[in-house]
Amino acid sequence: MKAIDASAGDVVVLVGTTKGLFALAAGPDRESWDLAGPWFRGEEIYAAALDCRDGRTRLLVGATSSHWGPSVYRSDDLGASWVEPEPDTLRFPDAAGAAVARVWQLQPAGGAQPDAVYAGVEPASLFRSDDGGESFRLDDNLWGHEHRPQWQPGGGGLCLHTVVPDPAGGPRLGVAISSAGFYRTLDGQTWEAANAGIRAPFLPDPTPEFGQCVHKVDRHPSHPDTLFLQHHWGVYRSDDFGGRWTEVGADSLPSTFGFPVVADPNRPGTAYVLPLTSDEFRCTPDGRLRVYRTTDGGASWQALEKGLPQENAWLTVLRDGFAADALDPAGLYVGTRTGEVFASPDAGESWLELARHLPPVLCVKPAVLP
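First, a word on what this report is: a plain description of the structure on this page. As the structure is a computational prediction, the values presented were derived from the model and not from experiment.

Some thoughts on the layout of surface pockets
Roughly 1,100 Å³ of internal volume is contained in the largest pocket. For the largest pocket, the lining is made up of 39 residues, of which Gln-107, Asp-218, Arg-219, Ala-324 and Pro-366 are closest to its centre. Of all elements in the fold, only strand 4 (44–51), strand 7 (102–108), strand 11 (159–165), strand 15 (214–220), strand 19 (257–263), strand 23 (322–324) and strand 27 (361–368) reach the threshold of two or more residues within the lining of the largest pocket. If one sorts the elements of the lining of the largest pocket by residue count, strand 27 sits on top with five residues. Its residues assigned to classes, the lining of the largest pocket comprises 25 nonpolar, six polar and eight charged. Approximately 380 Å³ is the volume attributed to the second largest pocket. Lining the second largest pocket are 17 residues, with Gly-156, Phe-259, Arg-282, Leu-318 and Arg-319 positioned closest to its centre.

Structure, rendered in structure tokens:
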């Protein structure tokens, strides 16, 4: 397989699908795009990352084979070749009595920890690598949490799908689990449920300590205390790293159901969501693909639709099907369950279609090559 045709300063968008990994590449102007792939043909790619810390360009891919099961593969030459993982690259200790069913997230830590990579998997658990993704070890403290026996799976299974590391390299870390909620550690050892203020109206107790179906969490890189959260039943913001959550958008979004949430990497208080009609009809409202942006921390939201299909577009976007690059203005990327990929080079003001007829898109992961 050919490598991704990209060099320093170019933007690469990894596109994980149900049938393999694709990649889109463009120059810094993000005007002309080339599509490459697929790698890992026929395998599910729920997790991918392009690790550009410390001058490296390492591709990390969580691929699930129907025959061989899941593992984490890596490439240091933009996909020209791949390192076959060892059998124990990502596995539970024997004493855990569990096996990895799927890799849901691969998240490099901040630049202060250039070799740390986190993997969120199913059954819900967190693994950490300290060698750039070559080997992983289980976080025993989260695995042994007293709440675990009561965690219930969401529609996609009991999965740890989001990892929020401290960009300064400290011990603080947050994770989102479907459907246990948001958990955090402030000291790197002790984990606590951090769902205060998030309502779960489908439960007998609508404000439980845990059990909320959190779909995604994101934060601004220079304001890590402020988190935006897309819940099964609402959009929320926290200004103290999950200590307390406030619902935002209920009066200005067409629906507060959806999967992804994206924080603008350049502008604190600016975030994006992609509402779906409801949990019973998981398609874009009114058959129109619209991204909604807030610039005031969620107090108000604006529909962004220029260049997006506005007629008979009954589309679905999953939790990792929406992401932003690190340029200014931010590039935004949306991948759908029907195989389209859309991009905005101007923080959502205008959009273009980059690809269509791909397999169902599970994740989009952009990066700017160093």
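Details of the state of the cysteines
Tallied over the entire structure, the rule returns zero disulfides. Cys-283 takes part in no disulfide bond, and the closest cysteine sulfur, belonging to Cys-213, lies 18 Å away. Judged by its relative accessible area of 15%, Cys-283 is buried.

Points about the sheet that holds strand 5 (residues 58–65)
Strand order in the open sheet formed by three strands is 4-5-6, and the pairing between neighbours is antiparallel. Every other strand in the sheet has two partners, leaving strand 4 and strand 6 (69–75) as the edge strands with one partner each. Neighbour to neighbour, the strand axes of the sheet diverge by 15 degrees on average, direction disregarded. Sheet topology places strand 4 next to strand 5; seven bridges connect them, and they run antiparallel. Note that in strand 5 the partner of Asp-51 across the bridge is Arg-58.

What about the packing of aromatic side chains?
Two descriptors summarise a pair of aromatic rings, namely the distance from one centre to the other and the angle between the planes of the rings. Summed over all chains, the structure comprises 12 aromatic pairs. Arranged with centres 5.3 Å apart and planes meeting at 75 degrees, the rings of Phe-92 and Phe-127 form a pair that is edge-to-face. Residue Phe-92 is found in the loop between strand 6 and strand 7, and its partner Phe-127 is found in strand 9 (residues 125–129); the two are separated by 35 residues along the sequence. Take Phe-92 and Phe-127: they sit in the same class, and that class is buried. Taken together, a centroid distance of 4.8 Å and an interplanar angle of 50 degrees make the contact between Phe-92 and Trp-143 tilted. In this pair, Phe-92 sits in the loop between strand 6 and strand 7 while Trp-143 sits in helix 1 (residues 140–143), placing the two residues 51 residues apart along the sequence. Of the two residues, Phe-92 and Trp-143, neither departs from the other in class, the shared state being buried. In this structure an aromatic cluster arises from ring pairing among Phe-40, Tyr-73 and Trp-82. If you follow Arg-172 out to its NZ or CZ, it ends over the ring of Phe-241, 4.2 Å from the centre.

Considerations on the environment of Gly-144
Turning to its location among the elements, Gly-144 is positioned in the loop between helix 1 and strand 11. Taking the C-alpha atoms as reference points, Gly-144 and Leu-289, 145 residues apart in sequence, are found 42 Å from one another.

Notes on the sheet that holds strand 21 (residues 291–294)
With antiparallel pairing, the four strands of this open sheet are ordered in space as 19-20-21-22. Each having just a single partner strand, strand 19 and strand 22 (302–304) make up the two edges of the open sheet. The mean inter-strand angle of the sheet, taken between neighbouring strand axes irrespective of direction, is 30 degrees. Two elements, strand 19 and strand 20 (residues 271–276), share five bridges in a ladder whose sense is antiparallel. In the sheet register, Gly-258 faces strand 20, and the bridge partner there is Pro-275.

Topic: the pairing of strand 20
Burial of strand 20 is extensive: six of the six residues sit out of reach of the surface. Sheet topology places strand 20 next to strand 21; three bridges connect them, and they run antiparallel. Across the sheet, residue Ala-271 finds its bridge partner in strand 21, namely Thr-294.

Side note on the side chain of Arg-293
Structurally, Arg-293 is set in strand 21. For Arg-293, the residues in contact, after removing those within four places along its chain, are Thr-270, Ala-271, Tyr-272, Ser-300, Trp-301, Gln-302, Leu-304, Ala-347 and Glu-349.

Considerations on unusual backbone geometry
Cis geometry is adopted by the peptide bond preceding Pro-123, which originates at Glu-122 and carries an omega value of 5 degrees. When you line up the elements, Pro-123 lands in the loop between strand 8 (117–122) and strand 9. Note that the residue after Asp-328, namely Pro-329, is joined by a cis bond; omega there is 5 degrees. For Pro-329, the location among the structural elements is in the loop between strand 23 and strand 24 (332–335). You will see that Asp-286, though not glycine, has its phi angle at about 60 degrees, which is positive. Along the chain, Asp-286 turns up in the loop between strand 20 and strand 21. Here the phi dihedral of His-357 falls at roughly 65 degrees; this positive angle occurs in a residue that is not glycine. Within the secondary structure, His-357 is located in the loop between strand 26 (352–355) and strand 27. Judged by relative accessible area, which is 70%, His-357 ranks as exposed.

So, how was this worked out
The residue count restarts for each chain, going from 1 along the sequence in the order it is written. With the structure being a predicted model, the display of local features is reserved for residues of pLDDT at least 70 and the display and counting of side-chain atom pairs for 80 or more, all residues being used for whole-chain, interface and lining totals. Think of the side-chain values as coming from all heavy atoms in the structure, minus any hydrogens and water. A cavity here means a set of points on a 1 Å grid, drawn over the protein atoms and nothing else, where a 1.4 Å probe fits but cannot get out; a pocket is an open set with protein on both sides within 12 Å along at least five of seven lines, and a residue lines either one if it has an atom within 4 Å of a point. Grid points are joined across faces, edges and corners, and a volume is the space filled by probe spheres set on the points. Numbering of helices and strands starts at the N terminus; helices are DSSP runs of H or I of at least 4 residues and strands are runs of E of at least 2. Any residue that is not Ala, Val, Leu, Ile, Met, Phe, Trp, Tyr, Cys, Pro, Asp, Glu, Lys or Arg is counted as polar, Gly included; the first ten are nonpolar and the last four charged. Any two cysteine sulfur atoms lying within 2.5 Å of each other are counted as a disulfide. The cut-offs for exposure are 20% and 50% of the maximum accessible area for each residue type, with area from a 1.4 Å probe on protein chains only; residues under the lower value are buried, those over the upper are exposed, and the others partly exposed. Whether two strands pair depends on DSSP finding at least two bridges between them. Helix axes use the C-alpha atoms of the stretch in contact, all axes being lines fitted to C-alpha atoms, and the angles between their N-to-C directions lie in the range 0 to 180 degrees. When two rings of Phe, Tyr or Trp (its six-membered ring) have centres within 6.5 Å they constitute a pair, described as stacked for plane angles under 30 degrees, edge-to-face for angles over 60, and tilted for the intermediate range. Geometrically, a lysine NZ or arginine CZ counts as sitting over a ring once it is within 6 Å of the ring centre and also within 35 degrees of the ring normal. Residue contacts are defined here by distance: any two heavy atoms, one from each residue, within 4.5 Å place the two residues in contact.

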